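Here is what each chain is made of, one letter per residue.
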Amino acid sequence: MTLSDETRLEMYWMMLLSRRLDERAWVLHRQGKIAFHISGIGQEAAQVGAAYALRRGYDWVAPYYRDLALMLCLGYEPREFMLSLMGKREEPSSGGRQMPSHWSLRRANVVSHSAVVATQCSHATGIGLAIKMRREDKVVLASLGEGSTSQGEWYEAVNWAAVHQLPVIFLVENNQYAISVPVEKQMAVPSAADRACGLGLRGVAVDGSDVFAVHQAFTEAVELARSGKGPTLIEAKMYRITPHSSDDDDRTYRSREEVEEHKKRDPLLVNRRILERDGLLTASRLEEMESRAKKMVDEAVQYAEQAPYPAAEEAAYPVYAEEVRHD
Amino acid sequence: MTLSDETRLEMYWMMLLSRRLDERAWVLHRQGKIAFHISGIGQEAAQVGAAYALRRGYDWVAPYYRDLALMLCLGYEPREFMLSLMGKREEPSSGGRQMPSHWSLRRANVVSHSAVVATQCSHATGIGLAIKMRREDKVVLASLGEGSTSQGEWYEAVNWAAVHQLPVIFLVENNQYAISVPVEKQMAVPSAADRACGLGLRGVAVDGSDVFAVHQAFTEAVELARSGKGPTLIEAKMYRITPHSSDDDDRTYRSREEVEEHKKRDPLLVNRRILERDGLLTASRLEEMESRAKKMVDEAVQYAEQAPYPAAEEAAYPVYAEEVRHD
Amino acid sequence: MTEITLVEAIRQAMDEELARDERVFIVGEDVGKRGGVFRATVGLFEKYGEERVIDSPLAELSIVGVGIGAALYGMRPICEIQFADFIYPAFNQIVSEAAKMCYRSNGEWTVPMVIRAPYGGGIGGGLYHSQSVEAFFAHVPGLKVVIPSNPYDAKGLLKSAVRDPNPVIFLEPKKGYRLIRGEVPQDEEILVPIGPARVSRQGSDLSLFAYGMMHYYALQAAQKAAEEGIDVEVVDLRTLYPVDRETILTSVRKTGKALIVHEDNLSGGYGAEVAATIAEGAFTDLDAPVRRLCGPDVPAVPFSHPMQEWFMPNPQKILQAIRELAAF
Amino acid sequence: MTEITLVEAIRQAMDEELARDERVFIVGEDVGKRGGVFRATVGLFEKYGEERVIDSPLAELSIVGVGIGAALYGMRPICEIQFADFIYPAFNQIVSEAAKMCYRSNGEWTVPMVIRAPYGGGIGGGLYHSQSVEAFFAHVPGLKVVIPSNPYDAKGLLKSAVRDPNPVIFLEPKKGYRLIRGEVPQDEEILVPIGPARVSRQGSDLSLFAYGMMHYYALQAAQKAAEEGIDVEVVDLRTLYPVDRETILTSVRKTGKALIVHEDNLSGGYGAEVAATIAEGAFTDLDAPVRRLCGPDVPAVPFSHPMQEWFMPNPQKILQAIRELAAF
Ligand SMILES: Cc1ncc(C[n+]2csc(CCOP(=O)(O)OP(=O)(O)O)c2C)c(N)n1
Ligand SMILES: Cc1ncc(C[n+]2csc(CCOP(=O)(O)OP(=O)(O)O)c2C)c(N)n1
Ligand SMILES: [Mg+2]
Ligand SMILES: [Mg+2]
């Protein structure tokens, strides 16, 4: 599938928007306006590349907490992100029950995930099983960090998908760290994609900074899955540019030089160069994007700041499906 | 390591003794003298081959319920097996608390396992970690069925052993079934040994009917582990000749023809042929072995039948280490 | 009416629900060709095919996790855990995911699923084929916990569980699978509501609370007690969670005395919640200490026969406790 | 004497035990270079090296399972679970293996290990960084469950836990890590025995049972109540399992009234066992219903501030319950 120029620019735009929202979250945190942020900076290309290979709104997604860019591609709105950061009532993932970045968006087929890493993977396998039982041609994407592939949970989910040849794509966003623990302490194989060979499914490693390379890898995997040829494991290699979260101090476990070195492969930079090289992204176009992003982010923050908190008593429900209220 | 003729015959003897004990257990069950038996028939060669590659009484073992032959090689006595079948007080694994074939034998460095499959694997990894921390040259063997490799538990244990390069050998006794479920429903790879390649350790598949082939594979793995070169996963291919347990009726899920076909590769047969070919096993020698085995089995049964049950109140302890009684 | 066994009632419930709703499917170890190690799914594989009666990998965590995913997609999975003792690998999926999904998504996502598991001792199963696990789950908001004590309820409750929009932990007293028989009409649909406990025997001297196999024994003990002139009210708790406090309190307010029986370990067992409910809600009506007769605080039921019998409550032990409490 | 924080007391306990016994080691996520996400192990990696302060793979099940194996071999592991909310993947290893090892092997094998986990809400952590998990474990024979409420106990109990020959679940009220400060002598060794609860405030009008952060609040509420003329006895339960029934009953026999406070969900929570103990053992001494003030029966503490406050017990809510019970 060749991408139109327009789509390629749009993909860059999504990355940019995600970045600016994410950066604003860090600012809000420094200002004491929000209590917590967990960042996707450095991981946008992988997420956008994956999203654009899906039939968005048709296929299903079981994401994890760093997937802001992925979520935006699926139709999650900047103001919804800001609402969630502030724990506001209107926040669509949980009505303020979950921490920020714990996504759920029914209208976009994004299932709710917890903070317990890797648990979303067996849900994805179950969705894949249901798709297959119903003889539909949807696919489901599950994403997680490389550290989370150490969980038996993940292994079981992938194994099941492979045994039953389900239309699931597992995206490992390998940002080299699980909080402070480097990838070498999680696995004895050089690449998370190598995990696939013990499980009997395709394993693909791709440069997670190159949104088009990621898109290419996903397009192939999606096509195979959609046509009944089973699951694929895709590892996108990247680097977590920020601390693990706003609670973390990454200077305790990695050098500033290391981080600076990796910033050279910042996906925003890498893909800007690609689009500039291809004559698509001009200075004025970029400027336009930046100011549009700024405006959207500003508006989102303003909206969210004025939005009400949930009432205390709303915490009482819905424990059971019978208590679900629609208002 | 070349095996002496004497040792080779002794290995055959261990297989034979295990088989006759196991067969007697089935008889006792039919006679209504015991309530439950889970059988190792067909798996003796793999177990004996593995055991003879260990420094028995020095290395550590985390076995599973089919490992009667392995246990005998480690010094478990026929009468102890019969005591356990009958739930008698003197039974060394648990004093009658656990079901038969749930081994533990402190004097032989055999740790206690539960019925929850694969749980023993992370214990083995922990023992390996302790061995490494103490800079000792012991190794630890963990065994399990091929179905149990579907447990995330197993994956985590192997992954950890690979990451930390621990002296652990994982033996997968692939008898083709997990109760009624065939191996194709457990894994999408052709061989359990293939699992290793996603985990970063050596994976070896060996004919589990050939005790000497198994021994060879283990000798290499043990040497590597002992010299700090990390874990190995060994799959011994075999067939579960009996029903899963005395509670099972395997005619509901596999044909008699299939079973008969596989009996041709019965390890007792295969290894007898090897030893006959090499001129080691004569008819009279075999006869002597058979009558010795019969005598030992008879004596074991007699002993166990006369042994007392535990007193009811013994069930009250030892819940905590403080309550351990030595009598 | 036809008398059937407990396990047959369970099989019928699944058969009917599979036939009624094509979103329903069964997944677990050996549920297919083998028909389940307790034969609870026998014939269903042949009738509904391998896509609706799925032999899973040997992996409880993903039996539940995959079930949750399918439920999110709109299916109605019935997950079988071969023995309740093996439910712990799935604990995370049950407690973190199934139970919290509706709440955490503010109702956007729900998990209509049933997790069936045979539980309980007295069958020579030793430490790992005898456990009672209800207390772990009857503490988790978002779950429903159901334990039937007879074929009628088993069928009616399981069918309700399959239709329930929430995750239901359905624990089956395996010792009673073939032992407990009862009349179940075969020509009409039976649905027993999840929620209410049931007074299975009216009485005035004391209230005896039990469920599952122990309820079966409780009725026997109450019968014997009646012969001795003690009039025992028996309450079958059957939906353990959410707790039916009303039925519990109504009974104790009437009789003034409470005896709670379960085979699970005493401390922190389900009986504690029943006792606490009574201690708070029926204080002024109580004529005696609230008494629990439960499994002892040892890890699980031992294998060897004398030790197993020491562990398990039985009609004799219950009768003895009835006598003592009645005499208070 | 020096005033230190709760988390510093925990760090000191580990430091001292690592220095004392070379079989002791720490294993968990981010416990090494990072010094733990709550900084409980800070400096220990540098002091004892990466073999004794091990950054594990991200896998709780094997943190515990590997710990068990090492303990069987004679080591004394301290396993850190980063948040109690993430202990469920290890549930099987804890309940099936660690807890049952001694019993099932008739004492041949024991598991001397500590599993530490920060627990509890009120810190803006939402559903999955706020949970209380004690009730799941305070029902499992073979385990000991310990929750300190102050730096002195935290240090003394953790050191005892490391030396205990059994698996000890050591839950740390994370909201109190830096908030709760207390005097801890730095020039002598402190060992607080596992087992006994502690009367932390003498009183005659009613008994208030609590632990962890809620005990800290309980003392504050009792202080306020005293100003209103209500004389509250406060009991810090601190070893939840095995249950110290004697201390509980002695206090209630004296005061005649019992209020139990915990932040975990009410139904099936630890308070149920305390209430049941009282209902059985202090019946004739009771002057009022046994009252529980607990977290509500919703899945966990929500993130958004107003909802979090709705969920959590606090000194005001406790004071209100004291007033009501005193007035009964
Ligand atoms: C089961 C579980 N254990 C521990 C944690 C705490 N925790 C949150 S994120 C994280 C690291 C995850 O690393 P990785 O999977 O590489 O994802 P990344 O954050 O790097 O994107 C940990 C340990 C958790 N959320 N869940
Ligand atoms: C966690 C768990 N789930 C289910 C069972 C019930 N069960 C006992 S043995 C068995 C099959 C094991 O198959 P495999 O690992 O291939 O070993 P085999 O019995 O064939 O030697 C099952 C499902 C169990 N013991 N533990
Ligand atoms: Mg990572
Ligand atoms: Mg097998």
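On a predicted model such as this, the values are computed, not experimentally measured, just so you know.

### A few points about the layout of surface pockets
Its volume calculated, the second largest pocket comes out at about 1,000 Å³. If you go around the second largest pocket, you meet 50 residues; those closest to its centre are A:Ile179, A:His244, D:Gln82, D:Phe83 and D:His129. Contributions of two or more residues to the lining of the second largest pocket are made by β4 (177-178) of chain A together with α8 (176-179) of chain D. Per-class residue counts for the lining of the second largest pocket are 23 nonpolar, 14 polar and 13 charged.

### Comments concerning the coordination of the magnesium ion (ligand 4)
Residue and element names in this part refer to chain B. Coordination of the magnesium ion (ligand 4) by the protein involves Glu146 (OE), Glu146 (OE), Asn175 (OD1) and Tyr177 (O), with metal-donor separations of 2.0 to 2.7 Å. Here the magnesium ion (ligand 4) binds six donor atoms, and the angle range of 51 to 175° at the metal identifies the geometry as irregular. Each donor residue of the magnesium ion (ligand 4) lies on one chain, and together they are spaced E-x28-N-x1-Y. Linking Glu146 in the loop between β2 (140-145) and α6 (152-163) with Asn175 in the loop between β3 (168-174) and β4 (177-178), this pair joins segments that are 29 residues apart in sequence. Here Glu146 matches Asn175 in class, with each residue buried.

### Quick look at the pattern of salt bridges
Tallied over the full model, the rule gives 106 salt bridges over all chains. In this structure, B:Glu299 engages B:Lys295 in a salt bridge whose closest nitrogen and oxygen atoms are separated by 3.7 Å. With B:Glu299 and B:Lys295 both in helix α10 (residues 283-306), this residue pair falls four residues apart, about one helical turn. D:Arg116 serves as the salt-bridge partner of D:Glu172, at 2.6 Å between the closest nitrogen and oxygen. A residue pair is termed long-range when its members are at least 10 positions apart, and D:Glu172 in strand β7 (residues 167-173) and D:Arg116 in strand β5 (residues 113-119) qualify at 56 residues. With respect to burial, D:Glu172 and D:Arg116 carry one shared label: buried. Connected through salt bridges with shared partners, the residues D:Glu16, D:Glu17, D:Arg20, D:Asp21, D:Arg23, D:Lys155, D:Lys159, D:Arg163 and D:Glu189 form a single ionic network.

### A short note on the nonpolar core
Generally speaking, soluble globular proteins have nonpolar side chains that are buried together. A:Trp154 and B:Trp154 are the most contacted members of the largest nonpolar core, which totals 336 residues. Beyond its immediate stretch of four places on either side in the chain, B:Trp154 contacts A:Tyr155, B:Ala118, B:Cys121, B:Leu144, B:Ser148, B:Thr149, B:Phe170, B:Arg195, B:Leu199 and B:Leu233. Counting 69 residues, the second-largest nonpolar core is a separate cluster that includes B:Ala108, B:Val110, B:Ala236 and B:Leu268.

### Details of the relation of the copies chain C and chain D
Put simply, the second copy of the chain is the first one after a rotation about an axis and a shift along it. Superposing chain C onto chain D takes a rotation of 180° combined with a translation of 0.0 Å along the rotation axis, leaving an RMSD of 0.0 Å. Within this description, the copies of the chain are treated as partners about a two-fold rotation axis. Looking at chain C, 100% of its interface residues are interface residues in chain D too, so the copies touch through the same face.

### A look at the interface of chain C and chain D
Accessible area lost during the coming together of the parts is what is often quoted as the interface size. With 51 residues of chain C at the contact, the number on the chain D side is 51 residues. When chain C packs against chain D, the two sides together hide about 4,300 Å² of surface, and 65% of this comes from carbon and sulfur. On the chain C side of the interface with chain D, the three residues burying the most area are C:Tyr103, C:His139 and C:Phe283, jointly 17% of the side's total. Our count for the contact surface shared by chain C and chain D stands at four salt bridges. Linking chain C with chain D are 20 residue pairs in polar contact (both at pLDDT 80 or more), by the criterion used here. Put simply, the parts of the chain that give the side of chain C that touches chain D at least two residues each are α4 (91-98), α5 (101-104), α6 (134-137), β13 (258-265), α11 (270-281) and β14 (291-295) of chain C. Per-element accounting of the side of chain C that touches chain D gives the leading share, seven residues, to α11(C). Partitioned by chemical class, the residues of the side of chain C that touches chain D number 30 nonpolar, ten polar and eleven charged.

### What to know about the site of ligand 1
Neighbouring residues of ligand 1: 21 residues in total, closest A:Tyr64, A:Ala115, A:Ser148, A:Tyr177 and D:Glu60. This site is not confined to one chain, since residues near ligand 1 come from chains A and D. One of the side-chain N or O atoms of A:Arg66 is found 2.7 Å from an oxygen atom in ligand 1. Look at ligand 1: alone it shows 580 Å² of surface, and the protein chains cover 97% of it. Because more than half of its atoms lie within 2 Å of the grid, ligand 1 is assigned to the second largest pocket. Split by residue class, the shell around ligand 1 holds ten nonpolar, seven polar and four charged.

### Topic: helix α7 (residues 211-226) of chain A
Residue and element names in this part refer to chain A. Compared with the 22 Å implied by 1.5 Å per residue over 16 residues, the 22 Å span of α7 between its first and last C-alpha is a close match. Among all positions of α7, only Val211, Phe212, Val214, His215, Ala217, Phe218, Thr219, Ala221, Val222 and Ala225 are buried. Its side-chain oxygen 2.9 Å from the backbone nitrogen of Phe212, Asp210 forms the N-cap of α7.

### A look at the domain arrangement of chain C
Residue and element names in this part refer to chain C. Here chain C is described as being made up of domain 1 (2-184) and domain 2 (198-326). Across the boundary between the two partners, domain 1 contributes 34 residues, which contact 25 residues of domain 2. Overall, the association of domain 1 and domain 2 removes approximately 2,200 Å² of surface from exposure, summing both partners, and the carbon and sulfur fraction of that is 59%. Between domain 1 and domain 2 we count two salt bridges in total. The residue Asp153 makes a salt bridge to Arg198 at a minimum N-O spacing of 3.7 Å. Linking domain 1 to domain 2 there are eleven residue pairs in polar contact (both at pLDDT 80 or more). Elements supplying a minimum of two residues to the side of domain 1 that touches domain 2: α6, β6 (144-146), α7 (151-163) and α8 (176-179).

### A closer look at the state of the cysteines
By definition, a disulfide links the sulfur atoms of two cysteine residues through a covalent bond. If you walk through the whole model with that rule in mind, you get one disulfide over all chains. In this model, A:Cys197 is linked to B:Cys197 through a disulfide, with the two sulfur atoms separated by 2.0 Å. Here the residue A:Cys197 occupies a position in the loop between β5 (181-182) and β6 (202-207), and B:Cys197 occupies one in the loop between β5 (181-182) and β6 (202-207), the pair thus bridging two chains. The closest cysteine sulfur to the non-disulfide-bonded C:Cys102 is located on C:Cys79, 18 Å from its own sulfur.

### A closer look at the interface of chain C and chain A
Contact residues are listed per partner, giving 45 residues for chain C and 42 residues for chain A. Between chain C and chain A the total buried area reaches about 3,700 Å² when both faces are included, carbon and sulfur atoms providing 62% of it. Among the residues of chain C in contact with chain A, C:Tyr73, C:Tyr103 and C:Trp109 are the three that bury the most area, contributing 23% of the side total. The interface formed by chain C and chain A holds two salt bridges in total. Note that A:Arg135 is salt-bridged to C:Glu51, the shortest N-O span being 3.2 Å. Where chain C meets chain A, there are 22 residue pairs in polar contact (both at pLDDT 80 or more). The element best represented in the side of chain C that touches chain A is helix α3 (residues 60-72) of chain C, accounting for nine residues. Residues that form the side of chain C that touches chain A fall into these classes: 23 nonpolar, 14 polar and eight charged.

Procedures and definitions
All residue numbers here refer to positions counted from 1 along the written sequence of the relevant chain. All chains are assigned letters beginning at A, and all ligands numbers beginning at 1, according to the order in which they are written. For a predicted model such as this one, the threshold for reporting local features is a pLDDT of at least 70, and the threshold for listing and counting side-chain atom pairs is 80 or more; totals across whole chains, interfaces and linings nevertheless cover every residue. Side-chain metrics in this entry use all non-hydrogen atoms of the structure; hydrogen atoms and water are not considered. Only protein atoms enter the 1 Å grid, on which a cavity is a set of points fitting a 1.4 Å probe that cannot get out and a pocket is an open set with protein on both sides within 12 Å along at least 5 of 7 lines, lining residues being those with an atom within 4 Å of a point. Grid points are joined across faces, edges and corners, and a volume is the space filled by probe spheres set on the points. Helix numbering and strand numbering both begin at the N terminus, where a helix is a DSSP run of H or I of at least 4 residues and a strand a DSSP run of E of at least 2. Side-chain classes are defined by residue name, with Ala, Val, Leu, Ile, Met, Phe, Trp, Tyr, Cys and Pro counting as nonpolar, Asp, Glu, Lys and Arg as charged, and the others, Gly among them, as polar. Sites may look incomplete, because water is not among the atoms used; the donor set itself consists of N, O and S atoms within 2.8 Å of the metal (3.2 Å for Na, K and Ca). Note on geometry labels: four donors, all angles 85 to 135 degrees, give tetrahedral; four donors become square planar and six octahedral when opposite donors are over 155 degrees apart and every other angle is between 65 and 115; remaining cases are irregular. Burial here depends on accessible area, computed with a 1.4 Å probe over protein chains only, as a share of the maximum for the residue type. Under 20% is buried, over 50% is exposed, and the range in between is partly exposed. Each reported salt bridge corresponds to a side-chain nitrogen of Lys or Arg within 4 Å of a carboxyl oxygen of Asp or Glu. Take the buried Ala, Val, Leu, Ile, Met, Phe, Trp, Tyr and Cys residues and link them wherever side-chain atoms come within 4.5 Å; each set so joined is a nonpolar core. We call two residues in contact whenever any of their non-hydrogen atoms come within 4.5 Å of each other. The fit set for superposing copies consists of C-alpha atoms from residues with pLDDT of at least 70 in both; the fit itself is least squares. What counts as buried area is the accessible surface, traced by a 1.4 Å probe, that two parts surrender upon association, with contributions from both included. Between N or O atoms, a polar contact is any pair within 3.5 Å; within protein, one atom must be a potential hydrogen donor and the other a potential acceptor, and residues adjacent in sequence are included only when both atoms are from side chains. One heavy atom within 4 Å of a molecule or strand makes the whole residue count as near it. Values of accessible area rely on a 1.4 Å probe in the Shrake-Rupley scheme; residue burial ignores everything except the protein chains shown. To decide whether a molecule occupies a pocket or cavity, check its atoms: if more than half lie within 2 Å of the grid points, it is inside. In this scheme, a helix's expected span is set at 1.5 Å multiplied by one less than its residue total. Domain limits in this description derive from either an automatic procedure or a database domain assignment. The disulfide criterion used throughout: a pair of cysteine sulfur atoms within 2.5 Å.

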